[in-house]
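# Chain and residue survey
Given next are the chains, with one letter for each unit.
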Amino acid sequence: MEKIGFFVLPAGTIYFNGLIFNCNPFRDPNATAPYLGIIGYLPVAYTLMPFLLAHIVQFSDKKDLELPFVRRNARHPQLLRAVFMTIYWVSIIGSGTRGAYACVAGFCVLFVTSRLIHREPAGRAFLLSSVLAAVLLFNIFVYVPPAMRAVHRMNMIFEGLKQGQLVTARGETEGIQDRLDELVDAGIDRQVASQHPTQDPAQQPPVSQDEPGPGGSSEEPPQEVLKIGDRGTLFKLAGKEFLNSPLTGMGPGRFKFKYGIYPHNLLLELIAETGLAGTVPMLLLVFVSFFKLMRAGWEDQPVRYYFLFLMAFAIKAMFSGGICDSVVFLGGLGYGIAFQGPPGPLKKAEGPAAAPQGNGTDEKK
């Protein structure tokens, strides 16, 4: 993973320089956070995150860092890793991707805890995790460069928590919370025209209307454009859709078809669209994969690190992304199911081996 990181470093450096010196040539004033060309801030953050996690592990283990092409180790691997982590972490913070913040924080907690449980040196891992947390908190509460103002997206979460609510977006349709039952009762075949509150309304496709009939008026009134995008609202809608059809759900892909956006929670999306019939078998596979990897990781350090890597992306699956684009989840699930573990030691024979049977005569040498 660290070798591949050398090829990702140029893109990360461009993004990093644009954030620090406010010179991103791809800056879109209408975008929530700075892009990298045609690559949005979410792909930027979740592409850099695995390399950051790999550097955290290798920095804590104080491993050698092999340089690409020349096939020799770097003279100062820890210093080089520190530069890489600085670029990647500042880029992730500047992207304003709150799910990536939670993933990195969760990974660091699990990583330090794992080293303590297995009685491995945890001082370097704890110190590094503390530095990463301090940089994030400093940018949230003290100072942030102008190009990194997307960090202020955390403010709406803090404001919502003070009121006992989960608020991740502003600008939803007023009174939408009182209309959730009405939207669910509309049926799965009726598309609810929706518009994400953080997007530019000018970029939204026009709402289709029925053509006027012979009498000069449409048969149905035009659909109302609703702004739905807050995580709390989406979680409630997914739960209500499940209760509306608990056995089979509303059908695969129906939630996004109806509301124009997925629930941003893999479990809620699964249970809302497939019901108990699809969720229970999937959870059984997840639990089997989970316990197989956890048991193998208890004895095998590389497997344990891979398990922690999957747990970091499991945090992401609870707040962002859908089933179809959860590549890490699906890949980890398949790996866990197919995982057989390292070959165990050969069992010793309990008794003497039986003498081979000949053709009825004994041969003497």
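Not measured: the values here are computed from a predicted model. (Residues numbered from 1 in each chain as written. Predicted model: local features only at pLDDT ≥ 70, side-chain atom pairs only at ≥ 80, totals over all residues. Heavy atoms only, no water.)

### Some details on the nonpolar core
Judged by nonpolar contacts, the single largest core of 62 residues is most densely connected at Met49, Ile56, Tyr88 and Ile92. For this core, the secondary-structure elements that each account for two or more residues are α1 (2-21), α2 (41-61), α3 (77-95), α4 (98-117), α5 (123-141), α6 (153-162), α10 (266-297) and α11 (301-317). In terms of residues, this core owes the most to one element, α2, which gives twelve residues. With residues up to four places along the chain from it excluded, the contact list for Ile56 reads Met85, Phe107, Cys108, Phe111, Leu128 and Leu132. The next biggest cluster of nonpolar side chains, apart from the first, holds 14 residues, and it includes Leu226, Leu237, Ala238 and Ala272. (Core = buried A, V, L, I, M, F, W, Y, C linked by side-chain atoms within 4.5 Å. Buried < 20%, exposed > 50% of the residue type's maximum accessible area, 1.4 Å probe, protein only. Helix = DSSP H or I, 4+ residues; strand = E, 2+ residues; numbered from the N terminus. Contact = heavy atoms within 4.5 Å.)

### Observations concerning the side chain of Thr97
Mapped onto the fold, Thr97 is located in the loop between α3 and α4. Setting aside anything within four residues of it in sequence, one finds Thr97 in contact with Tyr41, Leu42, Ala45, Tyr46, Ile92 and Arg153.

### Focus on helix α12 (residues 327-338)
When the terminal C-alpha atoms of α12 are compared, their 17 Å separation across twelve residues agrees well with the 16 Å that a helix rising 1.5 Å per residue should span. What α12 keeps buried is the set Gly332, Leu333 and Gly336. One face of α12 carries all of its buried residues, which in axial projection span an arc of 105°. Among the exposed residues of α12, those oriented more than 90 degrees off its buried face are Val327 and Ala338. As for α12, its buried residues are in contact with α10 and α11. (Expected span 1.5 Å × (residues − 1). Arc of directions from axis to C-beta.)

### A short note on the pattern of salt bridges
Tallied over the entire structure, the rule returns eight salt bridges. Salt-bridge contacts for Lys240 lead to Asp181; the nearest nitrogen and oxygen are separated by 3.0 Å. Taken together, the residues Lys240 in helix α8 (residues 231-244) and Asp181 in helix α7 (residues 180-185) connect sequence positions 59 residues apart. Lys240 sits in the partly exposed class, given a relative accessible area of 29%. A residue is classified by how much of its surface remains accessible, and Asp181, at 46% relative accessible area, is partly exposed. (Salt bridge = Lys/Arg side-chain N within 4 Å of Asp/Glu carboxyl O.)

### Looking at the packing of α10 against α11
Following both chains from N to C, one finds α10 and α11 inclined at 160°, their axes separated by 10 Å at the closest point. One finds that α10 runs roughly antiparallel with respect to α11. Like other packed secondary-structure pairs, α10 and α11 cross with a definite hand, here left-handed. Between α10 and α11, the contacting residues are Leu266, Phe290, Leu293, Met294, Ala296 and Gly297 on the first element and Val303, Arg304, Phe307, Leu310, Met311 and Ala317 on the second. (Axes fitted to C-alpha atoms, helices over the stretch in contact; angles between N-to-C directions. Parallel < 35°, antiparallel > 145°, perpendicular 65-115°, else oblique. Left-handed = near helix turned anticlockwise from the far one by under 90°.)

### As for unusual backbone geometry
The phi torsion at Asn22 lies on the positive side, around 55°, for a residue other than glycine. Position of Asn22 among the secondary structure elements: in the loop between α1 and α2. A positive phi is found at Phe69, a non-glycine position, where the angle reads about 70°. Mapped onto the elements of the fold, Phe69 is located in the loop between α2 and α3.

### Notes on the packing of α2 against α5
Where α2 contacts α5, the axes come no closer than 8 Å and their chain directions differ by 140°. What the angle tells us is that α2 and α5 run oblique. The handedness of the crossing between α2 and α5 is right-handed. Contact with α2, carried on its side by Ile56, Phe59 and Ser60, involves Arg124, Ala125, Leu128 and Leu132 of α5 and no other residues of that element. Within the contact of α2 with α5, the residues separate by chemical class into five nonpolar, one polar and one charged. (Nonpolar A, V, L, I, M, F, W, Y, C, P; charged D, E, K, R; others polar.)

### A closer look at the confidence of the model for the protein
On average, residues of the protein carry a pLDDT of 83, and 81% of them reach 70 or more. Predicted confidence for residues 199-218 stays below pLDDT 50, and this span has 15 contacts to residues more than four positions away or in other chains. Confidence drops under a pLDDT of 50 for residues 360-365, and excluding neighbours within four residues, the segment shows zero contacts in the predicted structure. (pLDDT = per-residue confidence, 0-100.)

### Topic: the packing of aromatic side chains
Under the criterion given, the structure shown has 15 aromatic pairs. Considering the side-chain rings of Phe6 and Phe84, the 5.2 Å spacing of their centres and the 70° angle between planes classify their relative orientation as edge-to-face. In this pair, Phe6 sits in helix α1 while Phe84 sits in helix α3, placing the two residues 78 residues apart along the sequence. Judged on exposure class, the residue Phe6 and its partner Phe84 are both buried. Each ring, one from Tyr306 and one from Tyr335, has its centre 4.9 Å from the other, and the planes form 70°; the classification is edge-to-face. Residue Tyr306 is found in helix α11, and its partner Tyr335 is found in helix α12; the two are separated by 29 residues along the sequence. (Phe/Tyr/Trp six-rings, centres within 6.5 Å; stacked < 30°, edge-to-face > 60°.)

### Looking at α3
Here α3 contains 19 residues, and its C-alpha end-to-end distance of 27 Å stays within 8% of the 27 Å for a straight helix at 1.5 Å per residue. For α3, the tally of buried residues reaches 14 of 19 residues, placing the bulk of the element in the interior. Residue Gly96 follows α3 closely and has a positive phi angle near 70°.

### Some remarks on the environment of Phe307
Within the secondary structure layout, Phe307 lies in helix α11. Along the sequence, Phe307 and Ala296 sit eleven residues apart, while their C-alpha atoms lie 9.5 Å from each other. Phe307 has contacts with Phe290, Leu293 and Met294, leaving out every residue within four places of it along the chain.

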